[in-house]
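Commentary on secondary and tertiary structure
Here is how the chains run, residue by residue.
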Amino acid sequence: MLLDHDSCYRAVAAKDARFDGQFVTAVRTTGIYCRPSCPVPPPRSRNVEFLRTAAAAQTAGYRACRRCLPDAVPGSPEWNLRADAAGRAMRLIADGVVERDGVPGLASRLGYSPRQLGRILTSEVGAGPLALARAQRAHTARILVETTPLGLADVAFAAGFGSVRQFNDTVRTVYGVPPSQLRAEAARRSRTREPGPPGALVLRLPYRSPFDPHGLLDHLAARAVDGVEAVTGGTYRRTLRLPHGPAVVALDLTARAGAVVATLRASDPRDVGPAVSRLRRLLDLDADPLAVDAVLGADDALAPLVAATPGIRLAGTVDPAETAVRTVLGQQVSVAAARTAAARLAAVHGTPLPAELRDDDGPHLLFPGPGTLADADIAGPARRASSLRGLCAALADGTLALDPGRDPDGLRAELCALPGIGPWSAGYLAMRVLGDPDELLASDLAVRRGAEALGLPGDEAALTARAHAWAPWRSYAATHLWRAATSAATTTPRRSA
């Protein structure tokens with residue numbers, strides 16, 4: 001897919017950081033590609049081409065600028081907005097599916113043959129799945145080289161390379177220098193690196209401004225499950241169930257402007273890439289807040305909320321199965337009641353975190369997986385327990401796939417076919433798991449009460465009609481309405497939003 005050359009060049013000439021991650025600037029005369037906000041003087045217009053991804057630039061023979069590090073930027077918001085095959089594939093590649101299952105596994109999840117998927121991605125983003133996965137491996141390798149004391153051979157295999165030679169060749173191709181030089185350059189910049197505890201990686205997760213950290217922290221704190229999560233000040237901590245083993249992370253949302261600081265301790269370094277991808281989705285760090293605020297702020301009823309809270313984010317998930325279980329627990333009960341039920345479930349059926357990953361006062365339990373809960377004796381109402389076991393059985397045996405590569409409409413239909421799961425839960429999971437930006441949840445009581453507090457229709461059909469102008473950002477509008485309902489302090493919402 002071609003980009004408008006003149007528009008992209010204006011962004012580059014202005015060094016506009018809002019476009020970082022949405023495209024890269026490839027300079028023909030130097031063979032280097034940069035982010036739009038690269039601090040070097042902009043090249044002449046006739047000497048550049050604009051490509052959608054770093055993988056496309058690498059496929060075309062360009063190497064990454066070591067000054068602006070074009071891979072260390074927020075991802076494109078396009079992949080959350082698009083529900084087509086390309087958008088779904090990009091989300092799965094970021095989660096490391098190609099490393100774990102290969103291109104055939106990725107294609108199978110999306111319902112295409114490997115050849116069809118390659119044609120789609122090459123047409124849409126300028127690179128096939130192997131090239132995109134290779135760019136992802138190179139990015140993970142750079143993180144490990146620059147932020148850990150791991151030997152370079154260990155870095156190679158942790159980043160997903162099949163051999164040390166392949167690792168060395170890729171790093172040289174992408175960055176123009178061997179891994180040892182990347183490490184030496186990082187050591188010279190080490191004064192600016194955030195300190196971390198022994199055995200931990202301290203990573204910067206950049207975002208586009210404006211950013212509303214306090215709203216995210218309030219959301220996470222209200223729902224934090226004892227033993228699994230904790231919020232203290234501006235830091236959110238939780239355990240993680242990653243593809244190769246458990247991990248624990250602390251996310252400081254307020255420590256520095258422009259990035260969330262993540263302190264990650266993983267039992268297997270191969271999980272660094274998937275962890276970063278999932279944490280970014282949890283905090284909606286790839287969003288384009290200016291685009292969201294421009295649409296919602298144009299509505300007279302929402303404009304005061306947008307002005308008061310610019311850069312609102314859509315809370316996601318690091319564990320789709322966990323979020324599905326907690327959504328069923330939260331049906332028709334208050335947020336506090338859902339949190340208590342989830343904490344009891346974790347206390348009885350959760351897995352203790354390995355001793356080497358635990359802090360004395362930090363989260364210490366992994367939320368129980370669907371395989372554990374499918375046959376578990378679950379306390380609470382019998383109908384809810386039956387629904388939970390049915391959901392977990394479908395997740396455990398693969399009947400239901402719950403991952404960011406799903407088509408939203410198809411996922412909603414499959415969820416509604418399960419006993420005890422209705423349209424509200426299906427829509428809520430599309431919002432949280434897939435990052436669907438356009439799910440209003442007009443049937444939600446808190447959404448309707450928030451609408452009424454703003455003078456908007458409280459009737460589901462009327463609110464749905466009124467909200468057409470908010471597309472494609474109705475999920476963000478729903479988040480504003482939830483907060484408006486809380487501020488209005490009418491009654492406790494009955495849905496675990």
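Structural data are supplied above this passage.
One structure accompanies this document, and this report is about it. For clarity, every value in this text was computed on a predicted model and none was experimentally measured.

Moving on to the sheet that holds strand S2 (residues 32-34). Pairing is mixed in the open sheet, where four strands are placed in the order S3-S1-S2-S4. Every other strand in the sheet has two partners, leaving strand S3 (48-51) and strand S4 (63-64) as the edge strands with one partner each. For strand S1 (residues 24-27) and S3, the ladder comprises four bridges, and the chain directions are antiparallel. Paired with threonine 25 across the bridge in S3 is phenylalanine 50. Helix H1 (residues 5-13) contacts S1 and S3 of the sheet and is inclined by roughly 100 degrees relative to S3.

Attention now goes to the environment of arginine 183. Position of arginine 183 among the secondary structure elements: in helix H10 (residues 179-188). Placed 31 residues apart in sequence, arginine 183 and leucine 152 show a C-alpha to C-alpha distance of 9.6 Å.

Tracing the backbone shows alanine 156 in helix H8 (residues 152-158). Contacts of alanine 156, omitting those with residues within four sequence positions, involve Phe161, Ser163, Val164 and Phe167.

Looking now at the pairing of strand S6 (residues 229-232). Across four bridges, S6 lies against strand S7 (residues 235-242) in antiparallel orientation. Paired with glutamate 229 across the strands is arginine 238, a residue of S7. Counting the residues between successive antiparallel strands, the hairpin from S6 to S7 contains two residues, one of them, glycine 233, with a positive phi of roughly 60 degrees.

Another aspect to go through is the pattern of salt bridges. Going through the model one piece at a time under the given rule, you end up with 30 salt bridges. Between arginine 18 and aspartate 16 there is a salt bridge, with the nearest N and O atoms lying 2.5 Å from each other. Among the residues examined, arginine 18 registers a relative accessible area of 43% and is labelled partly exposed. Its relative accessible area of 15% is what places aspartate 16 among the buried residues. Between arginine 483 and aspartate 212 there is a salt bridge, and its shortest N-O distance comes to 2.6 Å.

For the rest of this paragraph, the subject is unusual backbone geometry. A cis amide bond links serine 209 with the next residue in sequence, proline 210, at an omega value of 0 degrees. Note the cis peptide between alanine 471 and proline 472, where omega equals 5 degrees. When you line up the elements, proline 472 lands in the loop between helix H22 (460-466) and helix H23 (474-488). In the Ramachandran plot, leucine 69 falls in the positive-phi region, its phi being about 45 degrees despite a non-glycine side chain. Its location among the elements puts leucine 69 in the loop between S4 and helix H3 (78-81). Even without being glycine, glutamine 332 reaches a positive phi, approximately 65 degrees. Along the chain, the position of glutamine 332 falls in the loop between helix H15 (320-329) and helix H16 (335-349).

About the criteria used
- Residues numbered from 1 in each chain as written.
- Predicted model: local features only at pLDDT ≥ 70, side-chain atom pairs only at ≥ 80, totals over all residues.
- Heavy atoms only, no water.
- Pairing = 2+ DSSP bridges.
- Helix = DSSP H or I, 4+ residues; strand = E, 2+ residues; numbered from the N terminus.
- Contact = heavy atoms within 4.5 Å.
- Axes fitted to C-alpha atoms, helices over the stretch in contact; angles between N-to-C directions.
- Salt bridge = Lys/Arg side-chain N within 4 Å of Asp/Glu carboxyl O.
- Buried < 20%, exposed > 50% of the residue type's maximum accessible area, 1.4 Å probe, protein only.

Purely geometric stuff here, so don't read any function into it on its own.
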